[in-house]
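Letter by letter, the chains look like this.
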Amino acid sequence: MRDKVLAYALQNAREHDGKAGIGPVMGKVMASIPELRSDPKAASALVREIVDQVNSMDAADQKIELDRLGEPETIKRKRKDTIDELENVPKDGIVVRFAPGPSGPLHIGHSRASILNDEYVKRYGGKFILRLEDTNPEKIDPEAYRMIPEDLSWLGVEVHETHLQSDRFERYYDIARSLIESGSGYTCTCDPEHWRERKLEGKPCPHRDDVVEDQLERWDGMFDGTFSAGEASMMVKTDLEHPNPAVRDFVGMRIKDAAHPRTGDRYRVYPLYNLAVAIDDHLMGCTHVLRGKDHLNNTFRQEFVYRHMGWGLPAFIHYGLVSIPNTILKTSIIREEMSRGNYAGWDDIRLGTLRALSGRGFMPEALRKYWYKVGIKSVDVTFSWENFNAMNKELIDDGTDRLYFVADPVELAISTDIPLSGRSPLHPDHRERGYREYEQAPHDGVVRLSVPREEIAALKVGGVVRLKDLCSVRIRTMEPLTGEREDLSVSDVRGGGGSIIQWVSSSGVPCRVLFPDGLVQEGRAEVGAKERARKGQMVQFERFGFFKLSEEDGIVGRFAHK
Ligand code: GLU
């Protein structure tokens, strides 16, 4: 590694009159030495030191040294900023996997890896593997085994193969054992804290270099009950001097005496994430591993397993992190709040689960479009609800009927001797789809309607108001709210300082609308909401927003967006 950095520095010096620059050398180093990329601080210290050294040499010595080392390869740092192409695509397609832990249903964050992997398989052909990583019995929700495939199917992700890690213990054991036998793994009975401290200092624990027989004896002891949980673990060797302490030796297997929802107490030695993933990705023939930058250190760890075993590496691609504001994603928090009765379920409107999005009328295509646009860029991003909402609106606007909704309704009694009638299009851009026809016959000379409380503040006795698509009214009293029908056009009303408000007739239906911030509003919707709720359809409550209706304890509308 040092030589590589030195070669880049010498090359840079040759191109710049014998003086290497820290910036350009650093750029080369970060682009081509992955071990240093994960630890920019160490990289920069090393580059500084070597650049100084090179700059103190004369041109002749620089040349001799570079000849000795050979020209370093120039790797251009590829900016992966479109989802356009993957590299190293085999002729017969790619094999990718999506590997969530079954701790709950999928949320917006998960949709990125699953959709992008799916897009690539659809593009290049090959196989999408769903692998449920269930080797931590404490982090399993048995329901998730069912919910995750359902969520993927909602997303339109095509799963070709499904594996459960809990079916694969024997394979992990075989490979862990061969790692021990080849000296690439060891078993350790140190106090875990002590072991960690030693490796942070770059020092081996007393067991690391024991003979294989002793290692295997302890290994067997992990299974036969000689050791209890926490007393012995199996470790994978990496490089104790690795500049990035996070990459030094890692725990491969541990003892856990917890019942597993699928395997009960059949196994007590559980593989940890990095070991199981490396083994599975290899055995399942993954050609590309696509995941977030937060897994960079895991990739370095996993690469050691590949090297120890002599396996070829898949292409690792790390996209930038995404933070998703204004919603709740953390499974453990959701579960706890659910158990306290604070969330109605995994589809509670306040949550960022795919179930919650679906319940609000978001289309899986909107997520697909969103992630496609973000792609696999390595910059970190913040999820933009604004853009996502706009993408969804574009998909649903055209097909969604309009209805009136009156929040917090107040009765308006209108004196009239003729029936009030009018109509509004189901969709302003598609009048061919028909109209909501209104016909309000007076009873004892009065028609009673509901209007939004919010609008009342702007009304005054003697003033006029227009009930949209129905009639104009001159206000007679405020409490109770009464008025008389008057023959005034929309522009007359406007000219007289009156507003145009929505209304719902006495045949309207009670409807409760829910918002993702937890707000609940009671109101009345046009009668058409009833049938649409039964069918679980979307509506646009005019000027209010898009809602997905459902029939629960009454008609409920879940807000999607404006
Ligand atoms: N189970 C891991 C996760 O959900 C998988 C990560 C990966 O290797 O892709 O973060």
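Parameters at a glance
Per-chain numbering applies: the sequence of each chain, read as written, is numbered from 1 onward. Where totals are concerned, whole chains, interfaces and linings use all residues; where local detail is concerned, this predicted model gives features only for residues with pLDDT of at least 70, and gives and counts side-chain atom pairs only at 80 or more. Water and hydrogen atoms play no part in the side-chain values, which are based on all heavy atoms of the structure. We call a residue near a given molecule or strand whenever any one of its heavy atoms falls within 4 Å of it. Two N or O atoms form a polar contact when they lie within 3.5 Å of each other; inside protein one atom must be a possible hydrogen donor and the other a possible acceptor, and for residues adjacent in sequence the pair counts only when both atoms belong to side chains. Any residue outside Ala, Val, Leu, Ile, Met, Phe, Trp, Tyr, Cys, Pro, Asp, Glu, Lys and Arg is labelled polar, Gly included; the first ten of those are nonpolar and the last four are charged. A pair is scored as a salt bridge if a Lys or Arg side-chain nitrogen falls within 4 Å of a carboxyl oxygen belonging to Asp or Glu. Each helix corresponds to a stretch of at least 4 residues labelled H or I by DSSP, and each strand to a stretch of at least 2 residues labelled E; elements are numbered beginning at the N terminus. Accessibility here uses a 1.4 Å probe with only protein chains present; expressed as a share of the type maximum, an area under 20% marks a residue as buried, one over 50% as exposed, and anything in between as partly exposed.

Trainee: Which residues make up the site of the ligand, and what are the values?
Mentor: Around the ligand, a shell composed of Arg97, Ala99, Glu133, Tyr273, Arg291 and His295 is seen. One nitrogen or oxygen atom from the side chain of arginine 97 is found 2.7 Å from an oxygen atom belonging to the ligand. Within the side chain of tyrosine 273, an N or O atom sits 2.5 Å from an oxygen atom of the ligand. Here the shell around the ligand is composed, by residue class, of 2 nonpolar, 1 polar and 3 charged.

Trainee: Provide a residue-level description of the pattern of salt bridges, including the pertinent values.
Mentor: Under the definition given, this model contains 48 salt bridges. With a closest N to O distance of 3.3 Å, glutamate 181 and arginine 177 form a salt bridge. Highlighted residues: glutamate 181 and arginine 177, both in helix α8 (residues 169-181), separated by 4 residues, approximately one helical turn. Residue glutamate 181 is classed as partly exposed on the basis of its relative accessible area, which comes to 42%. With a shortest N-O distance of 2.7 Å, arginine 402 and aspartate 397 are connected by a salt bridge. Here arginine 402 falls in the buried class, since its relative accessible area comes to 7%. Taken together, the salt bridges that share partners define one network made up of Arg97, Arg131, Glu133, Arg168, Asp280 and Asp281.

Trainee: Mind laying out the side chain of histidine 427, listing which residues take part and the relevant values?
Mentor: Relative to the elements of secondary structure, histidine 427 occurs in the loop between β15 (420-425) and β16 (435-440). Residue classification places histidine 427 among the buried positions, given a relative accessible area of 1%. Among the polar contacts listed, one links the side chain of histidine 427 to the backbone oxygen of aspartate 397, at a separation of 3.0 Å. One polar contact links histidine 427 to arginine 402, side chain to side chain, over a distance of 3.2 Å.

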